[in-house]
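Residue strings, one per chain:
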Amino acid sequence: MLTTSCESSHKAVRCVARHLAVPSRHVVPTPTRACPGTAPRPLTTGRKDTTLTATAGTLEARVLSPLVVAGLTTLSTVDWPGRLVATVYLQGCPWRCTYCHNPDLVTAPPRGAQGAIPWTDVLAFLTEHPGPLDGVVFSGGEPTLQAALPAAIADVRALGLGVGLHTGGAWPVRLEHVLPLVDWVGLDIKDLPDQYARVTGAGPSGEAAYRSLATLQRSGVPHEVRTTVDPTVHSRHDVLELCGQLSAMGVRGHVLQEARGVGADPAYAAALAGRRLSDVLHDDDLPLTRRRT
């Protein structure tokens, strides 16, 4: 799927192929206004790309990554705070989260599978229609599931764009390997460590997520830790305890997000019944924690 969005990254992404060869004014329209607080700014990471020089060069000369791409948002003001980015949605995730807003992306791609949009087409778009973009975010699904991710990151950096990553931290070792290649990470911490399975539906998934959090904190890579509050699972006590634990672990700038029924499994949307973050927390709870609604 190809979209242009100023909406929340909770927006559902449907895996419907759509050709990228359309007039540039339809692919990357310049917004008349960005979402509040998301004006673009120059890349100032100072990170060196010396580990990526082996894959740098012209688009035609490089061997392109066989990435399985399920969807593409050509312009987003919300997927990397403060940046205008294209967001690439990768197929496959090991978890089955209650509130997942991209359920079509969960099934892992078989070996040799082709995505809804060829990675070569995504690179061609980024090359031919850079527009106001100053970065690309890899989202999902769970991007670290795909072995081609590091090579795809190298492809993007060779175009002079910054790289952001959305991850749930399902594979700490894989995350550790890509952290030196990215400029920013959005990490989802879904619950208390021993309660993870009630959100992810996957056994001891909390251990992996919290190992990933520790790895990210040690790396020094700029990041945001966020939690989607699910009123069908989380109580006020759960959220207060989680926020306290993350603060004690040194997490700063923790963000609480709304769970949404749009794009989710119909049974979940029915169970959610329109409940919101404000139905779980009091207005005066956690005054120093941001709420993204």
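Everything below is about the structure shown above.
A brief look at the structure comes next. Because the structure is a prediction, the values reported are computed rather than measured.

Overview of the packing of helix α2 (residues 119-128) against helix α3 (residues 149-158)
Turning to step 1, where the next piece is worked out: Viewed as axis vectors pointing N to C, α2 and α3 meet at an angle of 20°, and their least axial separation amounts to 10 Å. By the angle between their axes, α2 is roughly parallel relative to α3. Of the two possible hands of crossing, α2 and α3 adopt the one that is right-handed. Facing α2, whose interface residues are Trp119, Leu123 and Leu126, α3 presents Ala152, Asp155 and Val156.
Turning to step 2, where the next piece is worked out: For the contact of α2 with α3, a count of residues per class yields 5 nonpolar, no polar and 1 charged.

Overview of the pairing of strand β5 (residues 135-139)
Turning to step 1, where the next piece is worked out: Of all the 5 residues making up β5, 5 are buried; the element is thus mostly covered by neighbouring parts of the structure.
Turning to step 2, where the next piece is worked out: Side-chain alternation along β5 places Gly135, Val137 and Ser139 on one buried face and Val136 and Phe138 on a second face that is also buried.
Turning to step 3, where the next piece is worked out: Bridge count for strand β3 (residues 85-90) against β5 is 5 bridges, and the pairing is parallel. Paired with Val88 across the strands is Phe138, a residue of β5.
Turning to step 4, where the next piece is worked out: The pairing of β5 with strand β6 (residues 162-167) spans 4 bridges and is classified as parallel.

Comments concerning unusual backbone geometry
Turning to step 1, where the next piece is worked out: The step from Gly140 to Gly141 runs through a cis peptide bond, and the omega angle for that step is 10°.
Turning to step 2, where the next piece is worked out: With respect to the helices, strands and loops of the structure, Gly141 is situated in the loop between β5 and α3.
Turning to step 3, where the next piece is worked out: Even without being glycine, Ala273 reaches a positive phi, approximately 50°.
Turning to step 4, where the next piece is worked out: Classification of Ala273 as exposed rests on a relative accessible area of 58%.
Turning to step 5, where the next piece is worked out: A positive phi angle, close to 50°, is found at Leu286, a residue other than glycine.
Turning to step 6, where the next piece is worked out: In this structure, Leu286 sits in the loop between α8 (266-272) and β10 (290-292).

A few points about the pairing of strand β8 (residues 223-229)
The side chains of a regular strand alternate, first on one face of the sheet and then on the other.
Turning to step 1, where the next piece is worked out: Of all the 7 residues making up β8, 6 are buried; the element is thus mostly covered by neighbouring parts of the structure.
Turning to step 2, where the next piece is worked out: Pairing of strand β7 (residues 184-188) with β8 involves 4 bridges; the strand directions are parallel. Note on β8: the bridge partner recorded for Val185 is His223.
Turning to step 3, where the next piece is worked out: As judged from the 4 bridges shared by β8 and strand β9 (residues 255-258), these two strands associate in the parallel manner. If you follow Thr228 over to β9, its bridge partner there is Gln257.
Turning to step 4, where the next piece is worked out: For the segment spanning β8, helix α7 (residues 236-248) and β9, crossover handedness is right-handed.

Let's talk about helix α6 (residues 205-219)
Turning to step 1, where the next piece is worked out: Taking 1.5 Å per residue, 15 residues should reach 21 Å; α6 reaches 21 Å between its end C-alpha atoms and fits that length.
Turning to step 2, where the next piece is worked out: All of the buried residues along α6 are Ser205, Gly206, Ala208, Ala209, Tyr210, Ser212, Leu213, Thr215 and Leu216.
Turning to step 3, where the next piece is worked out: Residues of α6 that are buried make contact with α4 (172-178), β7, α5 (197-200), β8 and α7.
Turning to step 4, where the next piece is worked out: Positive phi appears at Gly220, one or two residues downstream of α6, with a value of about 80°.

Observations regarding the pattern of salt bridges
Turning to step 1, where the next piece is worked out: In the structure shown here, the tally under the stated rule is 9 salt bridges.
Turning to step 2, where the next piece is worked out: Its salt-bridge partner being Arg198, residue Asp238 comes within 3.1 Å of it at the nearest N-O pair. Taken together, the residues span a long stretch of sequence, with Asp238 in helix α7 and Arg198 in helix α5 at a distance of 40 residues.
Turning to step 3, where the next piece is worked out: With a relative accessible area of 12%, Asp238 lands in the buried category.
Turning to step 4, where the next piece is worked out: Residue classification places Arg198 among the partly exposed positions, given a relative accessible area of 30%.
Turning to step 5, where the next piece is worked out: The partner of Glu224 in a salt bridge is Arg226, with the nearest N and O atoms 3.3 Å apart. As far as burial versus exposure is concerned, Glu224 and Arg226 are alike and both buried.
Turning to step 6, where the next piece is worked out: Salt bridges sharing common partners tie together Asp188, Glu224, Arg226, Arg290 and Arg292.

Calculation criteria
- Residues numbered from 1 in each chain as written.
- Predicted model: local features only at pLDDT ≥ 70, side-chain atom pairs only at ≥ 80, totals over all residues.
- Heavy atoms only, no water.
- Axes fitted to C-alpha atoms, helices over the stretch in contact; angles between N-to-C directions.
- Helix = DSSP H or I, 4+ residues; strand = E, 2+ residues; numbered from the N terminus.
- Parallel < 35°, antiparallel > 145°, perpendicular 65-115°, else oblique.
- Left-handed = near helix turned anticlockwise from the far one by under 90°.
- Contact = heavy atoms within 4.5 Å.
- Nonpolar A, V, L, I, M, F, W, Y, C, P; charged D, E, K, R; others polar.
- Buried < 20%, exposed > 50% of the residue type's maximum accessible area, 1.4 Å probe, protein only.
- Pairing = 2+ DSSP bridges.
- Right-handed = clockwise from strand over helix to strand, strands pointing away.
- Expected span 1.5 Å × (residues − 1).
- Salt bridge = Lys/Arg side-chain N within 4 Å of Asp/Glu carboxyl O.

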